[in-house]
Amino acid sequence: MKYLRRRLAHGIMLLIGASVLCFLFTDLAPGSFFDEIKLNPQISPETVAALRAHYGLDQPTPVRYVRWVESVFRGEWGYSFAYNSPVRSLLMVRARNTLLLTGVATLLVWMIAVPLGIWIADHPGGWSDRLGMGSTAVLLSVPELVLALGFLCLAVRTHALPVGGMVSVGFDQFGQWSKLRDLLTHLIIPVLTLILAGLPVLLRHVRSSMAEVMKAPFIDAARAHGVSNARLLFRYALPAAANPLISLFGFSVGGLLSGSLLVEVVTGWPGLGPLLLEATMSRDLYVVVGVAMSSTVFMILGNLLADAMLVAVDPRVRMQ
Amino acid sequence: MTAEQATKRAARPALVRVKGLHKRYVQRRAFSRSRFVVDALRNVDLELQPECLTALVGASGSGKSTLASCLAMLEKPDGGEIWFEGREISRCDARELIWLRPRIQMVFQDSAGALNPFFSAAQIVAEPLEVQRRESGRTLHQRACELMEEVGLSADWADRSPLEFSGGQRQRLAIARALALQPTLLILDESLSGLDLVTQAQILNLLADIRVTHSLTYLLITHDLSLVGQMADYIAVMHQGSIVEHGTRQRVFGSPQQAHTRKLLAATQDLESAFRAAQAEART
């Protein structure tokens, strides 16, 4: 518990540090949301100055940071200039969409990588090992942008899958099953891209962790007692190999909000990715800070979850 | 063991008879298609007399552990025969190994690595009994505690993690686990390496005791000839994958036939005298 309390305190410090840096760097970026409005001859400089004063942009950075922190505690997370609404309400809808996409992709990646990695590790040097390592090497060298564009091209040519967006036109008029089916078909391209982008790294980690543990003397000892291969893999080797995998799982959870931004932009998924791109282009300061901070919160929570799981699962960590 | 006892035991058929054993490892060079071959065992012949302690000595990389792994059926030899209790076992399939596994047990060098850190001490000792379906439920835990006490570990420590034990205690735990299936052959692969002299002596005493109570045959693998000087009945010397000398302790120590054995003995004597000099220096 002491270890977890220390990790929690560490996480809170990290969050404060990240919020300061995030706010500072976003603020230091050249230009502001009102620069474009200034170019409009129909809007007087006095009006622009009044708008800047209204949103508090005429205040020094530390004052604005404190005001932003106050708004976070009020549950607003700042104010979007472009949408003229609190950032939180914007983020909640987009984050839900992103979580749907990354949650499904992360679940599938783990469900594929763990059994496949164990199987490959159990046949070192065999055809499955060579095929697995070869195909992951190819996938590692292909950027996810190329994968997404490839799938989109295929979908456009074959008309087999919907291209772009999360739902079809007239979604609200569909029945329950049709809605589900429509959502699932829209998920296929971005999820497949995320799976193929995330699978190689995870598969290689599972394989190498398991292969290393399979050489441990306690595995030899168990084999000498007549322990079956399946039991050896799942009861003996997997818990011992889980340590690096749990850390990786923490990263997966941490990346739930930030891991799919590019894929969302390319496939038109209405998640945080397009919102962040749009907000960055228009210098919508608090939206950018809000997206960055929500990703940071997830990253810290993911690491905390991994730490808690390590303490619960691994007696070697408890001993330390 | 007296000369008379040795003669009596030698008259009985050997428990293990190894004939022309061969094991080769083929490894690929990094970033190259070329391969290189390591002959870990070359035409090895060896006999282990029942209820005797045979010490297998040799330098690192001489093939001792590979021979032990082949005898424990952890590795398949590429050629030759292994006869155990009058049965050829080198080509046993998985079903036949079920019969064989409990008969041959092994205690490994790395006591920390050889015990599953995710199990408690009792679970570790009970594991072979559970796997071989010898005991279950409450009797399983009870039997594990009995075995722990037999090797000098308190049953109160049954729920402790192996990480909480000292090196010597962990080795005792490994011995208790090996004894669980009542084997006839116990292979001790450098099991005393890394332990201090007092702990080594305690473990050797324990091994001597359980050898009598369990009628065990030992194959003690070591590179330390001074360690086996007091205890071994037979000594086999390995060099570059082959057994270059094999005989009774008295014969090998008294009149070594091979140059490599003489070298090993000289090195041991040098080490012993250096150790004594260091001890004397420490006292002054």
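Fair warning: this is a prediction, and the values are worked out from it, not measured in the lab.

Caption draft 1: Highlighting the overall build of chain B. From N to C terminus, chain B includes 11 helices and 10 strands. Burial statistics for chain B: of 284 residues in total, 39% are counted as buried. Put simply, of all contacts in chain B between residues at least 6 apart along the chain, 68% involve residues at least 24 apart.

Caption draft 2: View of the sheet that holds strand β9 (residues 234-239) of chain B. Residue and element names in this part refer to chain B. Pairing in this open sheet of six strands is mixed, and the strands run β6-β7-β8-β3-β9-β10 from one edge to the other. With one partner strand each, in any of the chains shown, β6 (104-107) and β10 (242-248) form the two edges of the open sheet. Direction aside, neighbouring strands of the sheet carry axes that sit 20° apart on average. Here helix α2 (residues 64-71) sits on the sheet and contacts β3 (53-58), β6, β7 (185-189), β8 (217-222) and β9; the angle it forms with β8, its principal contact strand, is near 150°.

Caption draft 3: Focus on the environment of B:Arg24. All names here are of chain B. By secondary structure assignment, the location of Arg24 is in strand β1 (residues 16-28). The exposure class of Arg24 is partly exposed, given the 14 C-beta atoms found within 10 Å. On a C-alpha basis, the gap between Arg24 and Arg42 in space is 8.4 Å, while along the polypeptide they are 18 residues apart. In contact with Arg24, not counting residues within four places along its chain, are Val37, Val38, Asp39, Ala40 and Asp78.

Caption draft 4: Focus on the pairing of β8(B). Residue and element names in this part refer to chain B. Along β8, six of the six residues are buried, which leaves the element largely enclosed by surrounding structure. Neither face of β8 is exposed, since Thr217, Leu219 and Ile221 on one face and Tyr218, Leu220 and Thr222 on the opposite face are all buried. With five bridges joining them, β3 and β8 adopt parallel strand pairing. Its bridge partner lying in β8, Leu53 is registered against Tyr218. Note: β7 against β8, five bridges, orientation parallel. Bridge pairing in β8 places Asp189 opposite Ile221.

Caption draft 5: Broad picture of the interface of chain B and chain A. On the side of chain A, 17 residues touch chain B, which itself brings 21 residues to the contact. Elements represented by at least two residues in the side of chain B that touches chain A include exactly α3 (94-100), β6, α4 (111-114) and α5 (121-131) of chain B. For the side of chain B that touches chain A, the element with the highest residue contribution is α5(B), accounting for three residues.

Caption draft 6: Just the nonpolar core, in detail. Of all hydrophobic cores here, the largest spans 115 residues; its most connected members are B:Leu71, B:Val125, B:Met148, B:Ala176, B:Ile187 and B:Leu219. If one sorts the elements of this core by residue count, helix α8 (residues 176-213) of chain A sits on top with 12 residues. When neighbours within four sequence positions are excluded, B:Leu219 is seen to be in contact with B:Leu48, B:Thr54, B:Leu56, B:Ala68, B:Leu71, B:Leu185 and B:Ile187. With 29 residues, the next largest nonpolar core counts A:Trp77, A:Ala95, A:Val289 and A:Ala292 among its residues.

Caption draft 7: Structural detail: the environment of A:His10. Here A:His10 shows up in helix α1 (residues 2-28). With 117 residues separating them along the chain, A:His10 and A:Trp127 place their C-alpha atoms 45 Å apart.

Caption draft 8: Just helix α6 (residues 137-150) of chain B, in detail. All names here are of chain B. If you check α6, its first and last C-alpha atoms are 21 Å apart, about what 14 residues at 1.5 Å a residue would give, namely 20 Å. Within α6 the residues assigned to the buried category are Ala144, Cys145, Leu147 and Met148. Mapping the buried residues of α6 onto a view down its axis gives an arc of 160°, with all of them on the same face. Exposed side chains of α6 directed beyond 90 degrees from the buried face belong to Arg138 and Thr139. The inward-facing, buried residues of α6 abut α5 and α7 (167-179). Where α6 ends, the next residue or the one after it, Gly152, has phi of about 90°, a positive value.

Conventions we followed
Residues numbered from 1 in each chain as written. Chains lettered and ligands numbered in written order. Predicted model: local features only at pLDDT ≥ 70, side-chain atom pairs only at ≥ 80, totals over all residues. Helix = DSSP H or I, 4+ residues; strand = E, 2+ residues; numbered from the N terminus. Buried ≥ 20, exposed ≤ 12 C-beta atoms within 10 Å, placed from the backbone. Contact = placed C-beta atoms within 7 Å. Pairing = 2+ DSSP bridges. Axes fitted to C-alpha atoms, helices over the stretch in contact; angles between N-to-C directions. Core = buried A, V, L, I, M, F, W, Y, C linked by C-beta atoms within 7 Å. Expected span 1.5 Å × (residues − 1). Arc of directions from axis to C-beta.

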